[in-house]
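Residues per chain are reported as follows:
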Amino acid sequence: MAEIRLQSISKRFGEVEVIPGLDLTMPDGQVTVLLGPSGCGKSTLLRMIAGLETPSGGEVIVGGRVVNDVPPAERGCALVFQNYALYPHKTVRQNLAFPLRMAKVDAAEQQRSVDEIASTLELTPLLDRYPRQLSGGQRQRVAMGRAMIRRPEVFLYDEPLSNLDLELRVKLRLEIARMQRASKATAVYVTHDQTEAMTLADQIVVLRKGRIEQVGSPLALYRSPANLFVAGFIGTPRMNLFRVDATEQNAAGTRLRIGATSLQVPQRLNGEVRTLGFRAEQLRIGAPQPGQVALELRDCETLAVEQLGDRAFCYLRSSLGDLVLLTPGAETTLPRDLQLSLSPEALHFFDANELALRRESEAEAVAA
Ligand SMILES: Nc1ncnc2c1ncn2[C@@H]1O[C@H](COP(=O)(O)OP(=O)(O)OP(=O)(O)O)[C@@H](O)[C@H]1O
Ligand SMILES: [Mg+2]
């Protein structure tokens, strides 16, 4: 059993408070992904679990044991980082066997483990090569194999794929997912890539400035983002977001004024709604069915098309503002006046102002 629990964990570097105090449980045998923009404290959290960074307050509990004073090597955690460091003068076989040699595992058992892990990671034909004779992806697989070989109870990954080209990233992402399912080890995976998070996670933790914005399964976060920040972070393309200028309740629900246009929704909303959101894939072209919400767009101009072959994402400028729409089929020539519809459940309402949030994160980026 290796559940990981962080209790009131905090971290400051000198005067700078990076993690103000946070509670989080990473369930046994599951993959928890820490997701958030650059500088939000993902690596710092991971390093505190690993023992490479000392918390300023709170406790790190692994498998029911407080490990704050346990050195990294004795925490039973395997680390896989972005910058894999292999021993250049050792072969792949020797690199893989190294942790076993250090642990004084007998030679026959070493050989058996190396062969097994090499076969899992498709490294068997490369066992006698040196790191300089490998591609980036092959090297990363060796680094993963070296981390895996002692069958740790906990895997800690810090953006292990971000140095690789797209094709390899996709391949290794699936490899990690498969390996995690097979090993049933607890894993914490740091990334700022939401596709990676959606592929690998049992549980995603969205972080912002050292605070938790939301914890949930990939689908829960996609379907019910708790706030504007999560809504903007989960899902590609990003959720369409519009500033709501005024709301007016009526017999049919609420009329939302968005710039020069307005939109009738069945929900009874108070005046605190500042932003309306819906996803590209929820929009349907054509008049609404009974019970659906109608969206009339005028002066539509296609800004860009992301062709998927059987469907396409069309990026439009319209009377409502800029938005993206998933068209069925590859047809992307849209009329200037466009009638769309969507189901009321596809609408998200937020009390925060999208522009204010965007300005804030731009200011953060400049400050960083
Ligand atoms: N040793 C340090 N001394 C001072 N500040 C630090 C130190 N390490 C990290 N920080 C700061 O703590 C904050 C969080 O850093 P961290 O590396 O955890 O971010 P991250 O979420 O992993 O970002 P990225 O996606 O860019 O890797 C940043 O503002 C960073 O500048
Ligand atoms: Mg980091």
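These numbers were taken from a predicted model, which means no experiment stands behind them.

Analysis parameters
- Within any chain, residue numbers begin from 1 and follow the written order of that chain's sequence.
- A letter from A marks each chain and a number from 1 marks each ligand, given out in the order of writing.
- The predicted nature of this model means local features are confined to residues of pLDDT at least 70 and side-chain atom pairs, given and counted, to a pLDDT of 80 or more, with totals for whole chains, interfaces and linings taken over all residues.
- Side-chain figures throughout are based on the complete set of non-hydrogen atoms in the structure, without hydrogens or water.
- Helix and strand definitions follow DSSP, with helices as H or I runs of at least four residues and strands as E runs of at least two, each counted in order from the N terminus.
- Only one rule defines a salt bridge in this text: a Lys or Arg side-chain nitrogen within 4 Å of an Asp or Glu carboxyl oxygen.
- Only protein chains enter the calculation, and the probe is 1.4 Å; a residue is then buried if its accessible area is under 20% of its type maximum, exposed if over 50%, and partly exposed in between.
- In this analysis, strands are considered paired if DSSP registers two or more bridges between them.
- Helix axes are fitted only over the stretch in contact, all axes being lines through C-alpha atoms; the angle between N-to-C directions runs from 0 to 180 degrees.
- Throughout the structure description, domain borders are defined by an automatic or database domain assignment.
- By definition in these notes, contact holds between two residues if any of their heavy atoms fall within 4.5 Å.
- Buried area is calculated as the accessible area (1.4 Å probe) missing from two parts once they are joined, with the contributions of both summed.
- Counting of polar contacts relies on pairs of N or O atoms within 3.5 Å, with two restrictions inside protein: one atom must be capable of donating a hydrogen and the other of accepting it, and residues adjacent in sequence are counted only when both atoms are side-chain atoms.
- Ten residues, namely Ala, Val, Leu, Ile, Met, Phe, Trp, Tyr, Cys and Pro, are considered nonpolar, four, namely Asp, Glu, Lys and Arg, are considered charged, and the remaining ones, Gly among them, are considered polar.
- Small angles under 35 degrees read as roughly parallel and large ones over 145 as roughly antiparallel, with 65 to 115 read as roughly perpendicular and the rest as oblique.
- What makes a crossing left-handed is the near helix being turned counterclockwise from the far one by less than a right angle; a clockwise turn instead makes it right-handed.

Enquirer: Just checking my understanding: could you explain unusual backbone geometry for this structure?
Expert: Comment: phi is negative for the bulk of residues other than glycine, and the bulk of peptide bonds are trans. The step from threonine 236 to proline 237 runs through a cis peptide bond, and the omega angle for that step is -5°. The backbone of glutamate 122 shows a phi angle near 55°, a positive value even though the residue is not glycine. Within the fold, glutamate 122 resides in the loop between helix H3 (107-120) and helix H4 (136-148). Even without a glycine there, the phi angle at lysine 209 is positive, about 50°. Among the structural elements, lysine 209 can be located in the loop between strand E9 (203-208) and strand E10 (211-216).

Enquirer: What is the right way to look at the pattern of salt bridges in this model?
Expert: Within the structure shown, the criterion is met by 13 salt bridges. Ionic pairing is found between arginine 93 and aspartate 128, a salt bridge with its closest N-O pair at 4.0 Å. One end of the pair, arginine 93, is in helix H2 (residues 92-102); the other, aspartate 128, is in the loop between H3 and H4, with 35 residues separating them in the sequence. Judged by relative accessible area, arginine 93 falls into the partly exposed class, the value being 28%. Bridged by salt links that share partners, the residues Glu109, Arg112, Glu116 and Arg151 form one connected network.

Enquirer: Help me understand the sheet that holds strand E21 (residues 338-342) in this model?
Expert: By definition, the strands of a sheet pair up through backbone hydrogen bonds, in either a parallel or an antiparallel sense. Read across the open sheet, the three strands follow the order E16-E21-E17; overall the sheet is antiparallel. What marks the edges here is a single partner per strand, and that holds for strand E16 (284-285) and strand E17 (293-297). Relative to E21, E16 runs antiparallel, the two sharing two bridges. Opposite arginine 284, over in E21, you have serine 341 as the bridge partner.

Enquirer: Sorry, what's going on with helix H1 (residues 42-50) here?
Expert: The periodicity of an α-helix, 3.6 residues per turn, causes residues three or four places apart in sequence to face the same way. Of all nine residues that make up H1, seven are buried, and the element is covered over most of its length. Buried within H1 we find Lys42, Thr44, Leu45, Leu46, Met48, Ile49 and Ala50. The first or second residue beyond H1 is glycine 51, which carries a positive phi of 95°.

Enquirer: Where do I start with the sheet that holds strand E18 (residues 301-307) in this structure?
Expert: Spatially, the three strands line up as an open sheet ordered E18-E19-E20, and their pairing is antiparallel. Two strands in the sheet have a free side with no partner beyond their single neighbour: E18 and strand E20 (321-328). Strand-to-strand, the axes of this sheet are offset by a mean angle of 20°, without reference to chain direction. Note: E18 against strand E19 (residues 311-318), six bridges, orientation antiparallel.

Enquirer: I'm lost on the domain arrangement of the protein in this one. Help?
Expert: Under the domain assignment used here, the protein contains domain 1 (4-233) and domain 2 (240-367). For domain 1 and domain 2, the distance between their C-alpha centres works out to 37 Å. Of the residues lining the interface, ten residues belong to domain 1; the matching set on domain 2 comes to 13 residues. A combined buried area of about 940 Å² lies between domain 1 and domain 2, and 61% of that area is made up of carbon and sulfur atoms. Interface area lost by domain 1 to domain 2 is led by Arg208, Tyr222 and Leu228, which between them contribute 61%. In this structure, the connection of domain 1 to domain 2 is made through zero salt bridges. At the boundary of domain 1 and domain 2, one finds two residue pairs in polar contact (both at pLDDT 80 or more). Elements supplying a minimum of two residues to the side of domain 1 that touches domain 2: helix H7 (218-223) and helix H8 (228-233). Along the lines of polarity and charge, the residues of the side of domain 1 that touches domain 2 split into six nonpolar, one polar and three charged.

Enquirer: In this structure, what is going on with the packing of H2 against H4? I would like to understand it.
Expert: The relative placement of two packed helices is expressed as an angle between their axes plus a distance between the axes. Axis separation between H2 and H4 bottoms out at 7 Å; the angle between their running directions is 30°. Taken together, H2 and H4 sit at an angle that is classed as roughly parallel. Note that H2 runs across H4; the crossing there is right-handed. Across the interface between the two elements, Val92, Asn95, Leu96 and Pro99 from H2 touch Val142, Gly145 and Arg146 from H4. For the contact of H2 with H4, the class distribution of residues is four nonpolar, two polar and one charged.

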